[in-house]
Amino acid sequence: MKYEYPGIRRADLVEDYFGHKLEAPYTWLRNTDDPEVKDFTKRENDFTDKWFSDEVGAAKLEEIKKKLRAERTPDLPMYISPWKDGYLATEDDEGNYKIISLDSDFNKREVLFERYDLPERTPFVAEACPLDDNILGIMSQIDNAPRPDFVIYDYSKKEIKGILPMTFSGLWSKRKKILYAASTKIEGDKSLTAILAYDVDSEAVREIMTFDGNAIFGNLHISEDGRTLILAFSRDYSCDYCYSYDEESGEIIPLNEEEALPVTYIDTFNGKHYFISFKETPHGQVVAMDMGKGFDDAEVIYTEEKAFLENGYQIGDRIFIQSSENAASRIFDLETGDNIEMPESIGSLGLAGKTKDAKVFSFDAFLAEPMILNFDGNEFKIVQGKKCEYDDLVVELLSAPSVEDKKEIPYYLVRRRDDPKDGNSKALMYGYGGYNISMPPWSTERITQTNIASWVREGGIYVHCLLRGGSEYGSTWHDEGMGLKKKNCYYDFIGIAEKVIADGYTRPERIAISGASNGGLLMSALVTMRPDLWGCVIASVPHTDMIHFANDDRGPMYITEYGNPMGDKETFEYLLSYSPVHNVRETAYPPIYIQTGECDNNVPPYHGKSFAATLQEKNQSDNPVLLRVLEKGSHDRGQGEVFWQTLAEMRAFMEKAIEN
């Protein structure tokens, strides 16, 4: 072993699960306030500092930072909503979220709130009360808090009027000065969600309803005409219990009380609720039901047979449906079936906000600059960003057999048109595969912030993996990569890597892989399953301990995706079979960079710390295993200059590892 790592105390602790004796030497790392844990963290960060100083150098890191800043595509505003004579929006400034104001042409005016402007909080989203634009509802979070809160803020007086705690979603009534929010708290092994209402005039908070069941979070929706609220309680990451709520009468009507359903709300108008339902087909159907009725009485309006329905929007008296085909977005008029022309043929469309009479979308593609589009029901108008031309680059949709069940798994390959296929191209591979989340096309890889066009022009290829566990191909695609089928995600990624190698584009020592959160779990599992297949691994805020995660603050949420290791022997043994920290063995590992944050409540930092310590102990190669713990970091790569430093480290580490 080339490196002398800081070292760590191994506790003599053995736990018993269903008759399995399981060593747990590093469970003491869970307590971030323990002086011994702080000392370990400092020594690991010092070691990482020294590695970069010796192997890369400060001047090279600064050069990489400069290059990253120059290549990074513009940050576009998000969560746009009308405010005064312009708009409110959210800006992600180098990992630091800010609430900004825009003029009527969507140009930035000023920063209204940034980190700690609201006491000890980072703001994420703000929306003004439709009946008083001086009253703002601001979703924000205290560092290391388990969940965000909604702060009700009087902009004219520059003071906080109230706080709705533990909220994931909230919205303003369009007819009353009331903010509704879904508040979730953990009690034992249950996740309880209540719908709260804050009255601006009385400053009173009342409870609309508490869901009588285990809901991991709640979502709120309001119809365009403001007459109907839909309260949705998520059983897991794909199925909801839905209720309609009438503000005037207070009547709450269950729409599917007996069974949680995979549905997405569109709108309510002309006396009907419109939803996208996946109950009968993974591709999705548009269904409608009379107000006062439920899904049992729904009429099927449209059935998709090729693509996969994602969302729907009412604009004027028309409904537009957004679908996904191979993770690329399409949008069409439900009545006529006419497609609306997109800026690029392979790209991703996301709702970015609204104006008084239109929807605002973000648009991104592998070979384009991110755009903001205004859609009035007739055409998309580019209001920020631009189209790009890359005649020397090509995007291909290909597939590879998963290594276990041989199912064909699609992936996008971005390459030079004249790539020599000599096995020498540096390769960056990205995947996620979880939580029913689609990985659409984008111009910048999300973890290392690598600009894809620049990477490819500099002799690389980019591989974008559409793994099972996501929603790219409907609900069954998610089902095939969760719970007791979770390892399909890993087999899929390995299959794609082996296909790219077999096709002559690259070789294992030239492949860099990256992922965060569930994607960090993916990276950690891949490096323990196939350490021979990768030239470099970047694992950001990774889940790595698939036994103890169930006891984390958000464990009750995550067991809906992975299963409960404490629930039964079969689930325990399956999770143990791929739990990264439990599957490190004495063998040669590739270069590995693990990054976590002390303030991360989504994935507590002990996951990354214990994984790094175990790898450092057992690695038989001369390749480095680095741990970077961000003191103020949350479920991210830091803010401000720390953000750029983290990215520069990732890029420098990656380039050094695969340069040969």
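Note that the structure is predicted; figures quoted are calculated from it, not measured.

A. Representation of the overall build of the protein chain. For the protein chain, the count of helices and strands is 10 helices and 37 strands. Taking 2.2 N^0.38 as the reference for a compact globule, 660 residues should give roughly 26 Å; the C-alpha atoms of the protein chain span a radius of gyration of 25 Å, in line with that estimate. By its C-alpha atoms, the protein chain is 70 × 55 × 50 Å across when sized along the principal axes. Looking at the protein chain alone, contacts between residues at least 24 apart form 56% of all its contacts between residues at least 6 apart. Carbon and sulfur atoms form 44% of the exposed surface of the protein chain, whose accessible area is close to 25500 Å². Looking at charge distribution, the protein chain has the averaged site of its 73 positive side-chain charges lying 3 Å from that of its 113 negative ones.

B. Quick peek at the packing of aromatic side chains. If you walk through the whole model with that rule in mind, you get 41 aromatic pairs. Geometrically, the ring pair formed by Y435 and Y558 is edge-to-face, given 6.1 Å between the ring centres and 75° between the ring planes. You can see Y435 sitting in the loop between β32 (426–430) and α3 (452–457) and its partner Y558 sitting in helix α7 (residues 555–562), a full 123 residues away along the chain. Residue Y558 is classed as buried on the basis of its relative accessible area, which comes to 8%. By the ring-pair criterion, three or more aromatic residues cluster together here, those being F168, F217, Y237, Y435, F549, Y558 and Y562. The ring of Y155 has K158 lying over it, and the distance from NZ or CZ to the ring centre is 3.9 Å. Above the plane of the ring of W455 lies K426, whose end atom (NZ or CZ) is 4.2 Å from the centre.

C. Fine view of unusual backbone geometry. The backbone of F18 shows a phi angle near 55°, a positive value even though the residue is not glycine. One non-glycine residue, N326, adopts positive backbone phi at about 55°. Looking at the element boundaries, N326 is found in the loop between β24 (318–325) and β25 (328–333). The exposure class of N326 is partly exposed, given its relative accessible area of 21%.

D. Layout of a negative patch on the surface. A surface patch of like charges, here negative, comprises D212, E257, E258, D296 and D297. Residue position: D297 is located in the loop between β21 (285–290) and β22 (299–303). Classification of D297 as exposed rests on a relative accessible area of 51%.

E. Focus on the pattern of salt bridges. Summed over all chains, the structure comprises 52 salt bridges. One salt bridge in this structure joins R109 and D85, with 2.8 Å as the shortest N-O distance. Linking R109 in strand β6 (residues 108–113) with D85 in the loop between β3 (78–83) and β4 (86–93), this pair joins segments that are 24 residues apart in sequence. The partner of E203 in a salt bridge is K161, and the shortest N-O contact between them spans 2.9 Å. Of this pair, E203 sits in the loop between β13 (190–199) and β14 (205–210) while K161 sits in strand β10 (residues 159–164), placing them 42 residues apart in sequence. Residues joined by salt bridges that share partners form a network here, namely D405, K407, R468, E480 and D492.

F. Geometry of the sheet that holds β32. As summarised here, the arrangement of the eight strands in space is β30-β31-β33-β32-β34-β35-β36-β37, forming an open sheet in which the pairing is mixed. Each edge of the sheet is formed by a strand with only one pairing partner; in this case those strands are β30 (393–401) and β37 (625–630). Averaged over all pairs of adjacent strands, the angle between strand axes in this sheet comes to 15°, irrespective of strand direction. Strand contacts of helix α1 (residues 35–55): β36 (592–597) and β37, with the helix running at about 120° to β37, the strand carrying the most contacts.

G. Summary view of the nonpolar core. By size, the foremost hydrophobic cluster in this structure holds 112 residues, and its most contacted members are M429, F493, I496 and W534. If you tally residues by element for this core, the top one is helix α10 (residues 640–658), at nine residues. In contact with I496, other than residues within four places in its own chain, are A400, I409, P410, Y411, M429, V463, C465 and L467. Grouped together as the second largest cluster of nonpolar side chains are 20 residues, M209, L220, L229 and Y243 included.

How each quantity is defined
Residues numbered from 1 in each chain as written. Predicted model: local features only at pLDDT ≥ 70, side-chain atom pairs only at ≥ 80, totals over all residues. Heavy atoms only, no water. Helix = DSSP H or I, 4+ residues; strand = E, 2+ residues; numbered from the N terminus. Rg over C-alpha atoms; globule rule 2.2 N^0.38 Å. Contact = heavy atoms within 4.5 Å. Areas by Shrake-Rupley, 256 points an atom, 1.4 Å probe, with all protein chains shown as cover. Lys, Arg positive; Asp, Glu negative; His and termini not counted. Charge placed at Lys NZ, Arg CZ, Asp CG, Glu CD. Phe/Tyr/Trp six-rings, centres within 6.5 Å; stacked < 30°, edge-to-face > 60°. Buried < 20%, exposed > 50% of the residue type's maximum accessible area, 1.4 Å probe, protein only. Lys NZ or Arg CZ within 6 Å of the ring centre and 35° of its normal. Patch = residues over 30% accessible without salt bridge, like charges linked within 9 Å, V, L, I, M, F, W, Y side chains within 5 Å. Salt bridge = Lys/Arg side-chain N within 4 Å of Asp/Glu carboxyl O. Pairing = 2+ DSSP bridges. Axes fitted to C-alpha atoms, helices over the stretch in contact; angles between N-to-C directions. Core = buried A, V, L, I, M, F, W, Y, C linked by side-chain atoms within 4.5 Å.

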